[in-house]
Structure formats: C-alpha cells, structure tokens
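Examining the three-dimensional arrangement
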Amino acid sequence: MPDPIHQFELHPIVPIKVFGWDVSFTNSSLFMLASVLLITAFFMLSMRARALVPGRLQSLAEITHEFVAGMVRECTGSAGMAFFPLVFTIFMFIFTCNMLGMIPGFFTVTSHIIVTAALAALVFLMVIIVGFAKNGIGFLKLFIPQGVPIPILPLVVLIEIISFLSRPVSHSVRLFANMLAGHITLKVFGGFVVMLIGAGTFAVLSPLPLAMAIALTALEVLVAFLQAYVFTMLTCMYLNDALHPGH
Amino acid sequence: MPGPANDRGPGERQMTERERSAFAGRISDLGDRLDKIKAQRRAEEGADHDAALRGRGMAYGMRMAAELVAAVLVGGGIGYALDRWLGSTPWLFLLFFVLGFVAGVINVVKAYERLQMDIAARTGGRLGHPAPDEED
C-alpha cells in the first residue's frame with residue numbers, strides 16, 4: 001500500500017545553508033511561491049481592464065474583494081478596514097495554497113503545522129501590538145470580564161489569560177489538522193482502490209473506495225474553502241478584540 | 001388583433017365543449033410538468049443545502065474540538081513549565097491543567113455564542129435568539 005504520509009515530505013530543491021541553518025528552497029517553498037505568483041497574476045490580469053462594467057475575471061476579483069471586505073467590516077466595524085490588506089492577503093494565501101493542494105500530485109503547504117503556526121503567530125503578535133498601541137494599558141480590560149465579584153477575580157483573570165494564550169494554538173492546529181487529515185483520508189481510499197485491483201476476485205469491490213474517494217474529494221474542496229474562511233474569520237474576531245477590548 | 005380566438009368572429013367567443021375539455025387537459029398537463037420540475041429543483045437545492053450544512057457543521061465541530069484541546073494543552077504547558085522552574089512538581093501542573101480545562105470550556109461557550117449569533121443573523125432571529133419566553 002502506498003504510504004499516505006509520503007505526500008507531506010519535504011525535499012530540498014535548491015540546498016542553501018546560512019550560518020549552519022538549513023534554509024533550502026524546498027517543494028513547500030516552491031508551492032508558496034507558486035500561490036503568491038498565481039494570486040498576483042490573477043489580480044493583475046483581472047483588473048487590467050479596470051472597466052466600470054466588469055468582465056468575467058474582473059467580477060471574480062471584485063466578488064473576492066467584497067467577500068473579505070464584508071467579513072472585516074462585519075466583525076471589526078469600519079476601524080478594522082485599516083487591516084483589510086493583511087486579512088485579504090491571509091485569506092488569498094491560505095485559500096490558494098489549500099486549492100493548489102487539491103490538485104493530485106501537488107504539495108499542500110497548509111498541511112504543515114509550522115506554516116499555519118507562523119500565520120497564527122503573526123496574527124497573535126499583531127493583535128497584542130495593535131491592542132496596546134490603540135488602547136494602551138486599557139487593552140488588559142480584555143482579561144477582566146464585567147460583573148465578576150472581586151474575590152474570584154484573580155482566578156477568572158488567570159483563566160482568561162490561558163484562554164487568550166490558547167488562541168494561536170487552536171488557530172493554527174485547526175487549519176493544519178483539517179488539511180492533513182483530509183489528504184491522508186483521500187490517499188488511504190486511493191490506496192484501497194489499488195490494493196483491491198491487485199487482489200484477484202476482490203477487484204469487483206474496487207469501485208466502492210473509488211466512489212468514496214470521489215465523494216471525499218468534493219468534501220475536501222469544500223473544507224479547503226471553509227478552513228480558509230474560518231481562519232480569516234477568526235483573524236477578524238481577534239482583531240476586533242484588539243480594537244475594542246472589554247466587550 | 002389577429003389570432004385564432006378572433007377567427008370565429010364576434011359573438012362566437014365561447015369554446016365548444018370539446019375545445020374546453022382539451023384546453024383543461026392541456027392546462028392540467030402543463031401544471032403537472034411544472035410541478036415535476038419544481039419538485040426536482042427543490043430536491044436539488046435541498047441536496048446542495050444539505051452538503052453545505054454538513055461541511056459547515058464539520059468545520060464548526062472541528063473548531064470546538066480545537067478550542068477545547070488547545071486551552072487544555074496551553075494550561076498544562078504553563079503548569080509544567082512553572083513546575084520545572086519552581087520545583088513544585090506536580091502541583092502547579094495539576095492546578096493549571098484544570099484551569100486550562102475551564103478556559104477551554106469558556107472558549108467553546110464563547111465560540112458557540114458566536115455561532116448562535118451567526119445563525120440568528122442568517123435566519124432573521126428565529127434560532128438561538130434568547131426569547132423572552134419559551135411559548136413563541
């Protein structure tokens with residue numbers, strides 16, 4: 001049976017060493033670069049006409065923009081629109097990486113926790129910095145829920161701090177786990193088809209896992225979009241905490 | 001105004017019995033066909049809606065699980081680190097593990113409240129809205 005984990009292996013394409021650190025250009029780097037180029041090319045091409053009445057490509061670009069802008073505006077109010085470029089970049093990057101990963105034989109960048117953790121850490125640090133920059137010490141109100149009696153306040157604050165610190169963990173694990181699990185499942189069902197075909201009379205059963213793999217592929221495309229959406233949505237919600245603490 | 005209805009001339013607008021029954025037959029035939037198409041479309045929409053709901057449900061489920069587990073891990077991690085630092089093994093680990101669990105439950109409750117608000121906004125407040133009484 002083909003190894004379902006094999007698809008997540010990193011191979012250096014251009015080995016680079018800086019002060020003993022391995023910073024090789026890997027297949028993961030290649031697909032990150034590919035998705036960035038793809039996104040850039042898509043927006044350059046689609047917005048080239050800059051028509052008042054948009055064409056097909058331009059409509060697609062505008063719908064994407066409206067979708068994310070609506071999400072940011074709904075979650076954080078108009079104050080959050082200053083962070084729209086960042087949120088939009090995060091959404092497009094994750095979405096494109098997820099979708100590229102759905103093409104057979106392609107590498108899924110977001111199935112590595114180091115990538116999702118870096119993205120989550122970026123959001124987490126930005127929330128802390130923006131929170132203190134905008135509200136000063138008032139940002140700490142985030143840890144003090146309203147209407148809590150004084151005697152148990154230290155306990156509640158401690159719990160709120162743990163809850164706050166757990167955000168980047170859940171933020172990164174969710175995206176990574178979804179992509180990893182989905183791709184392993186697909187590979188396993190694909191492997192079943194190959195095994196059954198090689199198993200003599202049992203080959204008549206091989207369409208069953210094949211049908212399952214097809215159904216799972218459809219589900220995975222949905223998951224690829226939903227997880228990009230959820231990641232972006234949570235980014236907006238955390239940003240809202242930074243902009244308006246004490247809610 | 002040209003048309004088959006006018007060919008009979010004035011005063012003869014009434015359909016004959018045969019024409020009337022044929023016309024009624026055609027009408028009911030058309031109605032049947034429309035009903036069939038409508039039912040098919042509704043079933044297709046229902047299936048699409050079902051799949052979307054299932055995907056959304058799975059996303060929310062994974063989200064709740066991640067919220068709970070992450071807080072327990074972080075709480076336990078803080079406790080473990082403090083124990084290593086202060087040499088108080090295992091007490092702080094136990095305390096922070098429990099606190100982490102509490103934080104996880106709070107995370108899930110918060111996430112669920114948010115989900116309810118989303119659903120309420122989408123369905124016009126029919127679901128998940130804290131109703132003044134249970135009767136309506």
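Residues numbered from 1 in each chain as written. Chains lettered and ligands numbered in written order. Predicted model: local features only at pLDDT ≥ 70, side-chain atom pairs only at ≥ 80, totals over all residues. Heavy atoms only, no water.

Quick look at the confidence of the model for chain B now. When pLDDT is averaged across chain B, the result is 79; 81% of the residues are at 70 or more. Reported confidences for the modelled complex are a pTM of 0.79 and an ipTM of 0.72. (pLDDT = per-residue confidence, 0-100.)

Taken together, Ile13(A), Val14(A), Ile16(A), Val18(A), Phe19(A), Trp21(A), Val23(A) and Leu30(A) make up a surface patch of nonpolar side chains, about 820 Å² in accessible area. When you line up the elements, Val14(A) lands in strand 1 (residues 12-14). (Patch = residues over 30% accessible without salt bridge, like charges linked within 9 Å, V, L, I, M, F, W, Y side chains within 5 Å. Areas by Shrake-Rupley, 256 points an atom, 1.4 Å probe, with all protein chains shown as cover. Salt bridge = Lys/Arg side-chain N within 4 Å of Asp/Glu carboxyl O. Helix = DSSP H or I, 4+ residues; strand = E, 2+ residues; numbered from the N terminus.)

Let us look at the environment of Ala41(A). Residues and elements named next belong to chain A. Inspection of the secondary structure puts Ala41 in helix 1 (residues 27-46). Exposure remark for Ala41: the relative accessible area of 37% places this residue in the partly exposed category. Separated by 21 residues in sequence, Ala41 and Glu62 have C-alpha atoms that sit 15 Å apart. (Buried < 20%, exposed > 50% of the residue type's maximum accessible area, 1.4 Å probe, protein only.)

What follows covers the side chain of Ser206(A). All names here are of chain A. Within the secondary structure layout, Ser206 lies in the loop between helix 5 (153-197) and helix 6 (207-243). Judged by relative accessible area, which is 10%, Ser206 ranks as buried. Among the polar contacts made by the side chain of Ser206, one reaches the main-chain carbonyl oxygen of Ala203 at a distance of 2.7 Å. Look past the residues within four positions of Ser206 in its chain and what remains in contact with it is Val193, Leu196 and Ile197. (Polar contact = N/O pair within 3.5 Å; in protein donor to acceptor, adjacent residues only side chain to side chain. Contact = heavy atoms within 4.5 Å.)

The next point concerns the state of the cysteines. Residue and element names in this part refer to chain A. For the coordinates displayed, the defined rule picks out zero disulfides over all chains. Here Cys75 stays unpaired: no disulfide links it, and the sulfur of Cys236, its closest cysteine neighbor, is 4.9 Å away. With a relative accessible area of 0%, Cys236 lands in the buried category. (Disulfide = S-S within 2.5 Å.)

Turning next to the interface of chain A and chain B. With 21 residues of chain A at the interface, the matching set in chain B holds 24 residues. Three residues stand out in chain A for area buried against chain B, namely Ile159(A), Ile162(A) and Arg174(A), and they jointly supply 26% of the buried area on that side. Summed over the shared surface of chain A and chain B, the number is one salt bridge. In this structure, the connection of chain A to chain B is made through four residue pairs in polar contact (both at pLDDT 80 or more). Secondary-structure elements contributing two or more residues to the side of chain A that touches chain B are helix 5 and helix 6 of chain A. (Buried area = accessible area lost by both parts, 1.4 Å probe.)

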